[in-house]
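The residues making up each chain are set out below.
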Amino acid sequence: MKKLAMIAAAMLSVSALSAAELTNITAGDVKASKIEVPAPVLQPTDAAKCNHVTGEITSLHLLAQTSRSQLFTYAKTEAEFKEFVEKWTPILGKFGVKVTGTEYKDEFGILRYESPDGRVVRDFLAEDMNYDALSPAAITKLQHELLEPLEQAGMTPIASFTIKNEAFRPTFKLYYLTKAEENMDHELQLRQLKNGEDIDFDLLTGAVNLVKKDASFSMVYIGKLLGSKSKLAVDEAGIAVKLADYKKFLAENKKEFIASRTYKLETPIELTDIKLNYLINIYFFQ
């Protein structure tokens, strides 16, 4: 059953849609970033080719972040940015991706590139997943669990780096190639859905490629950017109204409704003058 405190918070919070894109990145941007066609069917192939670059990153200025057809980083000096360029240029080159220019200003560096088939580099940070961060073996196992589905989906892994820096618990970041879309939320990417509530996995398996059920409230998948919203109501009629209103909201904001599921709460949530007996989970593409 859903966590009641989080349900109440979901009901009382203002509806919001995520996914502001990094269209034009500037030095003033925030200095940290985390991370209707059918979903592609993963075709059986040989095991992951393991042709990607591996290693360990301890200095965060070498840890590339991705947007559009560019990698970017925050480097305190031009010398640090030069190290970044020297690290990533051969990695890109190994996969036929050509560096077309660089720019450094106000501790912010950009490396632009192009690929022969128009694919772009995207990344996935595993820090928010559930794993034993003190076990190198567990981290290695998880890396392989994510790399192989990328290979199978034709999203070529180009690098996988473990990260050892006090800013992160022991983790890793994957880099891979995928087809670019005008709206980055619509790109086939390796993503994580983790909004604090238990997930109705069966409602999503036809919409995206489920890579890993990380927890009852967390899933890693390949697909477009998912969103979810929980609503509460006194009765089923009230739930139906809230679902209709939210579908209208999604349509007005050019978001795609996927599915929903209604639950009767074992223990109602009591507010000042009402008792909320029903919960609905709504899933959509951003």
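Up top is the structure.
In what follows, the accompanying structure is described. Each residue is numbered by its place in its chain's sequence as written, counting from 1. With the structure being a predicted model, the display of local features is reserved for residues of pLDDT at least 70 and the display and counting of side-chain atom pairs for 80 or more, all residues being used for whole-chain, interface and lining totals. Only hydrogens and water are set aside when side-chain values are computed; all heavy atoms of the structure are taken into account.

All right, on to the packing of aromatic side chains then. Put simply, two rings from Phe, Tyr or Trp (the six-membered ring, in Trp's case) pair if the centres are within 6.5 Å, and we call them stacked under 30 degrees between planes, edge-to-face over 60, tilted for the rest. Going through the model one piece at a time under the given rule, you end up with ten aromatic pairs. An angle of 40° between the planes, with centres 5.3 Å apart, marks the rings of Tyr246 and Phe249 as tilted. One end of the pair, Tyr246, and the other, Phe249, are both in helix H5 (residues 236-252), three residues apart, so they sit about a helical turn from each other. Each residue is assigned to one of three classes by its accessible area relative to the maximum for its type, calculated with a 1.4 Å probe on protein chains only: buried under 20%, partly exposed between the two thresholds, exposed over 50%. Residue classification places Phe249 among the partly exposed positions, given a relative accessible area of 24%. Clustering of aromatic rings is evident, with ring pairs tying together Phe72, Tyr74 and Phe108. Charge-over-ring placement is defined geometrically: NZ (Lys) or CZ (Arg) within 6 Å of the ring centre, and within 35 degrees of the ring normal. Above the face of the Tyr131 ring, Arg169 is positioned so that its terminal group lies 4.0 Å from the ring centre. The ring of Phe285 has Lys224 sitting right over it, with the charged end atom 4.5 Å from the ring centre. Note on conventions: DSSP H or I runs of at least 4 residues are helices, E runs of at least 2 residues are strands, and numbering of each starts at the N terminus.

Strands sit in the order S2-S3-S5-S4 across an open sheet of four strands; the sheet is antiparallel. In the strand order of this sheet, the two ends are held by strand S2 (65-67) and strand S4 (98-105), each with one partner. Here the average twist between neighbouring strands, direction ignored, is 25°. Two strands make a pair as long as DSSP finds a minimum of two bridges between them. As paired elements, strand S3 (residues 70-74) and strand S5 (residues 108-114) share five bridges and run antiparallel to each other. To obtain each axis, a line is fitted to C-alpha atoms, and for helices this fit is confined to the stretch in contact; angles are then taken between N-to-C directions over 0 to 180 degrees.

A few words now on unusual backbone geometry. In this structure, Glu107 is a non-glycine residue whose phi angle is positive, near 70°. For Glu107, the location among the structural elements is in the loop between S4 and S5. For Glu107, a relative accessible area of 34% gives the class partly exposed.

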